[in-house]
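For reference, the chains in residue letters:
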Amino acid sequence: MNSKPNRLILILFIMTMFVSHETATSQTGKITPAQLIERIKLHTGVPWNQQTVDVFKAGNPDVPVTGVVCTMFATYDVLRKAVAEGKNLIITHEPTFYNHLDNTADMEKAGDAVLAEKKAYIEKHGLVIWRFHDHWHMRNPDGIMEGMVKELQWEKYQVPGQEGMFTLPATDIDALARELSKKLGISTIRIIGRPGMTCTHVALMPGAPGSTGQISMLERKDVEVLLIGESPEWETASYVRDAVAEGKNKALIVLGHVPSEEAGMKECARWLKTFVTEVPVEFIPSGESYRPVQ
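Trainee: Explanation requested: the overall build of the chain in the structure shown.
Mentor: Broken down by element type, the chain carries eleven helices and ten strands. Structurally, the chain occupies a C-alpha span of about 80 × 55 × 30 Å along its principal axes. The 294 residues of the chain split such that 43% are buried. Pairs at least 24 apart in sequence give 69% of the contacts found in the chain among residues at least 6 apart. Just so you have it, the chain exposes about 15,600 Å², and 56% of that area is on carbon and sulfur atoms.

The structure is reproduced here in structure tokens:
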């Protein structure tokens, strides 16, 4: 007996069931967070690490999704905005509960009131929170860097093959800082560098990748100005202060962690809309953590 027709029928049956499931999901809008995240994993296009912070942090991943919010930080304000708009799945780039692994055991043991209220709000409104950090950076191109380059409108200045390297028209460091402030909506920027210093070669290291990497970048002859999110002042900042005092053409511009990466989560929302059509997807900025003195 020839088994090929039977195998063909089985394959066609499986494909029909898959298409029927996808069609039903599209028509009803009842995709779950777990299903949506599996779709994200597929479209990210990189192997999924077993050890990762990109996991569900709160909520039931099997409830129907009513809408998706992409954000840098799932702050209390962002959660309230999501609830007001009827969206229950929050995709956040950074931790929700104040440390890298979202480990709340010690805070819960201490009876922390801020943590307790935030968790109660999440539970009351049936919110589901998933972190998208490691693999969004691993994606090619890096999702955060792609969004930041678009926001800065620096595509034409990007050094081929080097995502975070840019060759800009000659400018002085303060003019560069003003441009960054305007394009990224930053109220306070910190600068270490000689006033009026002319620069062309700029590197961007969003977030807080660590002082070792930041200093290594500054050691490069083709880097005059390094843009970062944040760093301990006794490390990278101290290194640049000494470089300036020695007369070297080096400078550091500290954007703040959120402004240095937030456009990357704006890009995430745009990207999600290309393959998530059952429910609305929106970017909600978490905004700067600090404000200037009044």
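Trainee: Looking at this model, I keep getting lost on the sheet that holds strand E2 (residues 68–71). Mind explaining?
Mentor: Where strands meet in a sheet, backbone hydrogen bonds hold them as pairs that are either parallel or antiparallel. Spatially, E1-E4-E3-E2-E10 is the arrangement adopted by the five strands of the open sheet, whose pairing is mixed. Here the strands that pair on one side only, and so sit at the sheet edges, are strand E1 (56–58) and strand E10 (281–283). Averaged over all pairs of adjacent strands, the angle between strand axes in this sheet comes to 25 degrees, irrespective of strand direction. Pairing between strand E3 (residues 89–92) and strand E4 (residues 128–131): four bridges, direction parallel. Note that in E4 the partner of Leu-89 across the bridge is Val-128.

Trainee: What am I meant to see in the pairing of E4 here?
Mentor: For a regular strand, side chains alternate in direction, first toward one face of the sheet and then toward the other. Both faces of E4 are covered, namely the face carrying Val-128 and Trp-130 and the face carrying Ile-129 and Arg-131. Where E1 meets E4, two bridges bridge the pair, whose relative direction is antiparallel. Paired with Ala-58 across the strands is Ile-129, a residue of E4.

Trainee: Help me out: how do you make sense of helix H7 (residues 143–152) in this one?
Mentor: Structural remark: α-helix, 3.6 residues per turn; residues separated by three or four positions point the same way. The buried count for H7 comes to eight of ten residues, which makes it a mostly enclosed element. By the burial criterion, the buried members of H7 are Gly-143, Ile-144, Met-145, Glu-146, Gly-147, Met-148, Val-149 and Leu-152. Lining the buried residues of H7 we find helix H6 (134–138), strand E5 (165–172), helix H8 (173–184), strand E7 (198–205) and helix H11 (257–272). The residue sitting at the N-terminus of H7 and contributing the capping side-chain oxygen is Asp-142; that oxygen lies 2.8 Å from the backbone nitrogen of Ile-144. Just beyond H7, the residue with positive phi is Gln-153, at close to 60 degrees.

Trainee: Teacher, can you tell me more about the pattern of salt bridges here?
Mentor: Pairing between side chains of opposite charge can happen when the charged atoms of each approach one another. Applying the stated criterion across every chain yields a total of 17 salt bridges. In this structure, the salt-bridge partner of Asp-102 is Lys-57, at a minimum N-O distance of 3.3 Å. Taken together, the residues span a long stretch of sequence, with Asp-102 in the loop between E3 and helix H4 (105–109) and Lys-57 in strand E1 at a distance of 45 residues. You can call Asp-102 buried: its relative accessible area is 10%. One salt bridge in this structure joins Lys-150 and Glu-146, with 3.7 Å as the shortest N-O distance. In this pair, Lys-150 and Glu-146 both sit in helix H7, four residues apart, roughly one turn of the helix. One network of salt bridges, with partners in common, ties together Arg-139, Glu-146, Lys-150, Glu-267 and Arg-270.

Trainee: What is the right way to look at the packing of helix H9 (residues 211–219) against helix H10 (residues 233–245) in this model?
Mentor: Axis angle and axis distance: for two packed helices, these are the angle between their axes and the distance between the axes, and together they describe the pair. Between H9 and H10, the shortest axis-to-axis distance is 9 Å and the interhelical angle comes to 20 degrees. Considering the angle they form, H9 stands roughly parallel to H10. You can see that H9 and H10 cross each other, and the crossing is right-handed. Where H9 approaches H10, its residues Ser-211, Gln-214, Ile-215, Leu-218 and Glu-219 are matched on the opposing element by Glu-235, Thr-236, Tyr-239 and Val-240.

Trainee: Help me understand the nonpolar core in this model?
Mentor: Counting 48 residues, the largest nonpolar core has Ile-40, Ile-91, Trp-154 and Leu-272 as the members making the most contacts within it. Residue contributions to this core peak at seven residues, all from H11. Each residue touching Trp-154, except ones within four places of it in the same chain, is listed here: Val-149, Phe-166, Leu-168, Leu-176, Glu-179, Leu-180, Lys-183, Val-202 and Leu-227. Judged by nonpolar contacts, the second largest core, of 14 residues, contains Val-78, Leu-79, Ile-122 and Ile-129.

Trainee: Looking at this structure, I do not really get the pairing of strand E9 (residues 251–254). What am I missing?
Mentor: Across the two faces of E9 the burial is the same, with Ala-251 and Ile-253 and Leu-252 and Val-254 all buried. Here strand E6 (residues 190–192) pairs with E9 via three bridges, running antiparallel. Following the sheet pairing, Ile-192 is matched in E9 by Leu-252. Of the strand pairs in this sheet, strand E8 (residues 225–228) and E9 are connected by four bridges, and their pairing is parallel. Looking at the pairing, Leu-227 lines up with Ile-253 of E9. Handedness of the crossover is the feature at issue here: the chain leaves E8, passes through H10, returns alongside E9, and the resulting connection is right-handed.

Parameters and conventions
- Residues numbered from 1 in each chain as written.
- Predicted model: local features only at pLDDT ≥ 70, side-chain atom pairs only at ≥ 80, totals over all residues.
- Heavy atoms only, no water.
- Helix = DSSP H or I, 4+ residues; strand = E, 2+ residues; numbered from the N terminus.
- Buried < 20%, exposed > 50% of the residue type's maximum accessible area, 1.4 Å probe, protein only.
- Contact = heavy atoms within 4.5 Å.
- Areas by Shrake-Rupley, 256 points an atom, 1.4 Å probe, with all protein chains shown as cover.
- Pairing = 2+ DSSP bridges.
- Axes fitted to C-alpha atoms, helices over the stretch in contact; angles between N-to-C directions.
- Polar contact = N/O pair within 3.5 Å; in protein donor to acceptor, adjacent residues only side chain to side chain.
- Salt bridge = Lys/Arg side-chain N within 4 Å of Asp/Glu carboxyl O.
- Parallel < 35°, antiparallel > 145°, perpendicular 65-115°, else oblique.
- Left-handed = near helix turned anticlockwise from the far one by under 90°.
- Core = buried A, V, L, I, M, F, W, Y, C linked by side-chain atoms within 4.5 Å.
- Right-handed = clockwise from strand over helix to strand, strands pointing away.

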